[in-house]
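# Chains, contacts and geometry: an overview
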Amino acid sequence: MMPRFHFIIFACFLISISSSIHAGETRIAVAANFSAPMQRLARSFQEETGNQVKLSSGSTGKFYAQIQNGAPFDILLAADQETPQRLENEKLGIENTRFTYATGTLVLWSARNDFVDSRGEILQKASFNHLAIADPKLAPYGLAAMQTLSTLNLIDKLKTKLVQGENIGQTFQFIATANAELGFVALSQVYADGKLTMGSIWIVPQALYQPLHQDAILLKAGKDNSAATSFLAFLKTEKAKKVMHDYGYQF
Amino acid sequence: MTDTLLSTGNLLAIWVTLKLASITTLILLPIAIALAWWLSNTRSILRAPINALITLPLVLPPTVLGFYLLLLMGPNGPLGEVTQALGLGSLSFTFSGLVLGSVLYSLPFAIQPIQIAFESLGSRPMEVAATLRAKPLDAFMNVALPMARSGLISSAILTFSHTIGEFGVVLMIGGNIPGQTQVLSTQIYNHVEAMEYTQAHWLAGAMLIFSFAVLFTLSLLNRRAARIIH
């Protein structure tokens, strides 16, 4: 019995050191709008480098609160520029690691075909019961949606029809399950391989809202993690940009 | 003072929460009494599966309930088709939808104290009532119900407070509409996410005190009830 037991312990030891030598691991907090392309990016990064990527997706505001309270993320891929900036100011993010990895596009989307017209005139007609947006206090895409409605002078008219998702992922789910007939989401959520996956959309003109520049930052926990720094480098490659472009992001 | 307990948003959330808990309790009590009576007296083979079905919300993650409700109540869901045919529109993102969710979610909390009370009565009181020529309904109203009083009170208090603490279901089917579907627990969550910690503290502290008071009252009541019975 004893030799076998020792062998098992030795084997476990070998496995643990070999995995720590050859492949690192990095934990990344991802804004919900970037979740779909991020999964594809993580997969090809893992194939290329052998490093493991652990993803958590949610609202940027929630991640900020969690990071402030010691959440063990190495990288934040935010949906805005303010949050990474604030983390850097508070010394929770590493200086000179901040950069804009992508610029998002806001769309008005319905899961129904031919429901949203290509000029967004349905908003003026208000021929629907629920318009879903992400909570503007928490999610930059929600804020952009409110800016759009405000530029179009539609807030008073549509106020009673607004329903809020906690993040852009939940907003998408409200519309996808047809509980809300339409709503504002990120182009990346309804777009893959360069085309619309389902339903009908109006791509909101960029002039109607503040640009959705999305910044990444290396966090304190990831400072000496080579898997984390090499992922940030990978995000800047043409290969990564091609994937993001396929999901409708601009640069 | 917008950063205290009494901001309009918080007051509205408290009001919606109390309304939701009261209505849920009023709807659930008669349902729970009927089901608990049936469960504690029947010998039907359906007893076990129905008992399991009723207890499900106790063990299921609220997200499961919320997810199915969202699909059911949506315009393409079976329930959504019925409510639309009745001209009521869809129940998602409405106060009525939250009531439906809360009734399902708090069902085991409403039934179990009453069921235990009925079962501890045994068959004797009803038999005695019958020999005194009380009709079954009469005996039920004037013998069984008063004797199960502590179970009824526990059930009402548990249902009310459990509904006040409801979070996952509301988050999934509510849509966070002030005055309609924005309740205390989701309001606290939003305050925390938006880094409005002062507001979150006020509401969370109030919830803590309230919950303690409820449980304290409950245990006092149970002790009194135990003393009366023995």
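What counts and what doesn't
- For every chain, the first residue of the written sequence is number 1, and numbering continues from 1 onward in sequence order.
- Numbering of ligands from 1 and lettering of chains from A proceed in the order in which they are written.
- Where local features are concerned, this predicted model is filtered to residues with pLDDT of at least 70; where side-chain atom pairs are given and counted, the filter is 80 or more; whole-chain, interface and lining totals use all residues.
- The basis for the side-chain values is all heavy atoms of the structure; hydrogens and waters are excluded.
- For each domain, the first and last residues come from an automatic or database assignment.
- In this analysis, two residues are considered to be in contact whenever any of their non-hydrogen atoms come within 4.5 Å of each other.
- Buried area is a sum: the accessible area each of two parts loses on coming together, probed at 1.4 Å, counted once for each and added.
- One speaks of a salt bridge when a side-chain nitrogen belonging to Lys or Arg is within 4 Å of a carboxyl oxygen belonging to Asp or Glu.
- Each polar contact in these results corresponds to two N or O atoms within 3.5 Å; when the atoms are within protein, one needs to be able to donate a hydrogen and the other to accept it, and residues that are neighboring in sequence are counted only if both atoms are side-chain atoms.
- The helix and strand labels rest on DSSP assignments: H or I over at least four residues marks a helix, E over at least two residues marks a strand, and numbering proceeds from the N terminus.
- Classification convention: Asp, Glu, Lys, Arg as charged; Ala, Val, Leu, Ile, Met, Phe, Trp, Tyr, Cys, Pro as nonpolar; all other residues, Gly among them, as polar.
- The pairing criterion for strands is at least two bridges between them, as found by DSSP.
- Only the stretch in contact is used when fitting a helix axis, every axis being a line fitted to C-alpha atoms; angles between N-to-C directions are given from 0 to 180 degrees.

All names here are of chain A. According to the domain assignment, chain A consists of domain 1 (2-103 + 212-246) and domain 2 (106-203). On the domain 2 side, the residues contacting the 13 residues of domain 1 number 15 residues. Between domain 1 and domain 2, a total of about 1,100 Å² is buried, with carbon and sulfur atoms accounting for 58% of that surface. At the boundary of domain 1 with domain 2, the tally comes to one salt bridge. We note a salt bridge from glutamate 166 to lysine 62, for which the minimum N-O separation is 3.6 Å. Applying the counting criterion to the domain 1 and domain 2 interface returns two residue pairs in polar contact (both at pLDDT 80 or more). Among the secondary structure elements, those contributing two or more residues to the side of domain 1 that touches domain 2 are helix H3 (60-68) and strand E12 (212-218). Looking at the side of domain 1 that touches domain 2, the element that brings in the most residues is H3, giving three residues. Taken together, the residues that form the side of domain 1 that touches domain 2 break down as three nonpolar, six polar and four charged.

Before going further, it helps to examine the interface of chain B and chain A. A common measure of how large an interface is: the accessible area buried when the components associate. Of the residues lining the interface, 22 residues belong to chain B; the matching set on chain A comes to 23 residues. For the pair chain B and chain A, the summed buried area comes to about 1,800 Å², and 56% of that belongs to carbon and sulfur atoms. When residues of chain B are sorted by the area they lose upon contact with chain A, Phe93, Glu193 and Met195 of chain B head the list and together hold 33% of the total. Applying the counting rule to chain B against chain A returns one salt bridge. Across the salt bridge formed by lysine 137 of chain A and glutamate 196 of chain B, the nearest N and O atoms sit 3.3 Å from each other. Where chain B packs against chain A, one counts nine residue pairs in polar contact (both at pLDDT 80 or more). For the side of chain B that touches chain A, the elements supplying multiple residues, two or more each, are helix H3 (62-73), helix H9 (168-173) and helix H10 (184-193) of chain B. The element contributing the most residues to the side of chain B that touches chain A is H10 of chain B, with four residues. A per-class count over the side of chain B that touches chain A returns 13 nonpolar, seven polar and two charged.

This part is about the sheet that holds strand E7 (residues 162-165) of chain A. Residue and element names in this part refer to chain A. With respect to topology, five strands assemble into an open sheet ordered E7-E6-E8-E5-E11, the strand pairing being mixed. Where the open sheet ends on each side, the last strands, each with one partner, are E7 and strand E11 (200-203). Going across the sheet, the axis of each strand differs from the next one's by a mean of 30°, ignoring polarity. Sheet analysis places strand E6 (residues 131-134) next to E7, joined by four bridges and oriented parallel. Residue pairing in the sheet places leucine 131 in a bridge with leucine 162 of E7. Here helix H6 (residues 140-151) sits on the sheet and contacts strand E5 (106-110), E6, E7 and strand E8 (182-186); the angle it forms with E8, its principal contact strand, is near 125°. Helix H8 (residues 168-176) contacts E5, E6, E7 and E8 of the sheet and is inclined by roughly 145° relative to E8.

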